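In case you want the letters, here they are:
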Amino acid sequence: MGYQGQPPVVLPQCDLDDKETLVSEHKHKGKTCRQSAAVFNVVNSIIGSGVIDFSLVLLIKGGALSGTDTYQSLVSKTFGFPGYLLLSILQFFYPFIAMISYNIITGDTLSKVFQRIPGVDPENFFIGRHFIIVLSTVAFTLPLSLYRDVAKLGKISLTSTVLTTLILGIVMTRVISLGPHIPKTEDAWVFAKPSAIQAIGVMSFGDLFENYCRNDDLVTFGRFCYGVTVILTYPIECFVTREVIANVFFGGNLSSVFHIIVTVVIITAATLLSLLIDCLGIVLELSGVLCAAPLIFIIPSACYLKLSEEPRTHSDKIMSCVMIPIGAVVMVVGFVMAVTNPQDCTHGQEMFYCVPDNVSLTSISVSHFQLTTPFSVLNLSIFQ
């Protein structure tokens, strides 16, 4: 075991430099990676997983109070080995489940892209989600995940960030061009429904392109960019899972052989599970309520409350006291609802307003939705 009082967290020199760059103006000589690479890695991981600002503030303050500089060492200093072990489990499963969800998204998204190639049979095995998941794993995510130094993923993360910006532009373009033509959804602006807690588990992920028709060429390009972005984000998550295992079982250091073995085992397990699971919703729900809630809401707040000597009326303490029960409610209620009331899996299902080309909306029952534009004006050529 790598824990002896405090976990021996051995970070690459570039990680130490990047961290110090973020918290101070002090500069060190002999940096082994450029700040820009670290920035793009951080942006890429945040886009992929999501970060709550206040929780990050609490972690920084907790680190300053405890004299630690990593999440693991902070929890170890505050709650000892049991806290360190619990955090390590959560830190492993959160990115590991994200890896599974990324595989599912890759298979579902790119299969729709390849189905749009003229002359390609939609039932072709080589454009099916299972083959795409295996191919993307062997050809891209596994080789990229074998890097030992996360700084080498800087250019990959830059590409992912650029593609994400492009995706945002495509979505905004379709908001402008299709917004006035999409029928209204009943209760679209209702703040919360019984499934609101389950939604917390999927807020950081999901596929916006499921809302668009498959015959939209611009959106098809957006889907391709989205699939590539997910593939390029995958190695960041794998790096985290591998580091957790290295810290807990190998004292923070993996030999070259064990580095390859651990990486292959992690990716193989994630790939097999993603091939067996067809529905993304349940994966994201469980990831959110069981891993994200304690990592974001509960643990940072608990560490700060135990370490801080500020009065109880201090704003940070009040917020921490609020976040802990919120996180606990999300965990318990979200898990119960995910198990007893799973969300319908709409894998591959077209939206109700997507009908064959050049078919007038007059052929669709008015009871399905409200139309605010005269029938004679609308034609599905707007989706081209």
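Residues numbered from 1 in each chain as written. Predicted model: local features only at pLDDT ≥ 70, side-chain atom pairs only at ≥ 80, totals over all residues. Heavy atoms only, no water.

Chemist: Please set out the environment of I182 residue by residue, giving values where relevant.
Modeler: Positionally, I182 belongs in the loop between α6 (154-178) and α7 (196-200). Along the sequence, I182 and Y353 sit 171 residues apart, while their C-alpha atoms lie 7.6 Å from each other. (Helix = DSSP H or I, 4+ residues; strand = E, 2+ residues; numbered from the N terminus.)

Chemist: Before we move on, could you go through the packing of aromatic side chains and cite the residues and values that matter?
Modeler: Going through the model one piece at a time under the given rule, you end up with nine aromatic pairs. Relative to F96, the ring of F92 lies with its centre 5.4 Å away and its plane at 15°, an arrangement referred to as stacked. Placement of both F92 and F96 in helix α4 (residues 71-114) is noted, with a separation of four residues, approximately one turn of the helix. Residue F92 is classed as buried on the basis of its relative accessible area of 17%. Residue class for F96 comes out buried when judged on its relative accessible area of 9%. Between F250 and F258, the ring centres sit 5.4 Å apart and the planes meet at 45°, which makes this aromatic pair tilted. Judged by relative accessible area, F250 falls into the partly exposed class, the value being 32%. Among the residues examined, F258 registers a relative accessible area of 40% and is labelled partly exposed. Through pairs of rings, three or more aromatic residues link up here, namely F92, F93 and F96. (Phe/Tyr/Trp six-rings, centres within 6.5 Å; stacked < 30°, edge-to-face > 60°. Buried < 20%, exposed > 50% of the residue type's maximum accessible area, 1.4 Å probe, protein only.)

Chemist: How would you sum up the confidence of the model for the protein chain? Please name residues and give values.
Modeler: Any residue range with low pLDDT should be treated as having predicted coordinates unsuitable for detailed reading. Here the protein chain averages 77 in pLDDT, while 72% of its residues score no lower than 70. Of all secondary-structure elements in the protein chain, the lowest mean pLDDT belongs to helix α1 (residues 13-23), at 42, while helix α9 (residues 256-276) reaches the highest, 96. For residues 4-33, every residue scores under 50 in pLDDT, and the model assigns this stretch 42 contacts once sequence neighbours within four places are set aside. Segment residues 357-384: pLDDT under 50, and 40 contacts once partners within four positions in sequence are set aside and those in other chains are kept. (pLDDT = per-residue confidence, 0-100. Contact = heavy atoms within 4.5 Å.)

Chemist: Lay out α6 with the relevant residues and their values.
Modeler: Helix length check: α6 (25 residues) gives 36 Å between terminal C-alpha atoms against 36 Å at 1.5 Å per residue, within 8%. Among all positions in α6, only G154, S157, S160, T161, L163, I167, I170, V171, R174 and L178 are buried. (Expected span 1.5 Å × (residues − 1).)

Chemist: Could you give me a rundown of helix α3 (residues 53-66), with the residues and numbers involved?
Modeler: The first and last C-alpha atoms of α3 sit 20 Å apart over 14 residues, in line with the 20 Å expected at 1.5 Å per residue. If you follow the buried residues of α3, they end up packed against α4, α10 (280-307) and α11 (315-340). Looking one or two places after α3, you find G67, whose phi comes out positive at around 75°.

Chemist: Before we move on, can you summarise the side chain of T137 with the specific residues and values?
Modeler: Within the secondary structure, T137 sits in helix α5 (residues 129-145). On the accessibility criterion, T137 (7% relative accessible area) is buried.

Chemist: Let's hear about the environment of L56: which residues, and what values?
Modeler: Looking at where L56 falls in the secondary structure, it is placed in helix α3. For L56, a relative accessible area of 41% corresponds to the partly exposed category. Put simply, L56 and I296 are 240 residues apart on the chain and 8.3 Å apart in space, counted from C-alpha to C-alpha.

Chemist: Just give me the short version of the nonpolar core, but keep the residues and values in it.
Modeler: Formed by 47 residues in total, the largest nonpolar core has its most connected members in M99, F209, I266 and I299. Those elements giving two or more residues to this core turn out to be α4, α6, α8 (217-249), α9 and α10. (Core = buried A, V, L, I, M, F, W, Y, C linked by side-chain atoms within 4.5 Å.)

Chemist: Describe a nonpolar patch on the surface, with residues and values.
Modeler: Residues L290, V329, V332, V333, F335, V336 and V339 make up a contiguous nonpolar surface patch of roughly 540 Å² in combined accessible area. With six residues, α11 is the largest single contributor of residues to the nonpolar patch. Its location among the elements puts F335 in helix α11. (Patch = residues over 30% accessible without salt bridge, like charges linked within 9 Å, V, L, I, M, F, W, Y side chains within 5 Å. Areas by Shrake-Rupley, 256 points an atom, 1.4 Å probe, with all protein chains shown as cover. Salt bridge = Lys/Arg side-chain N within 4 Å of Asp/Glu carboxyl O.)

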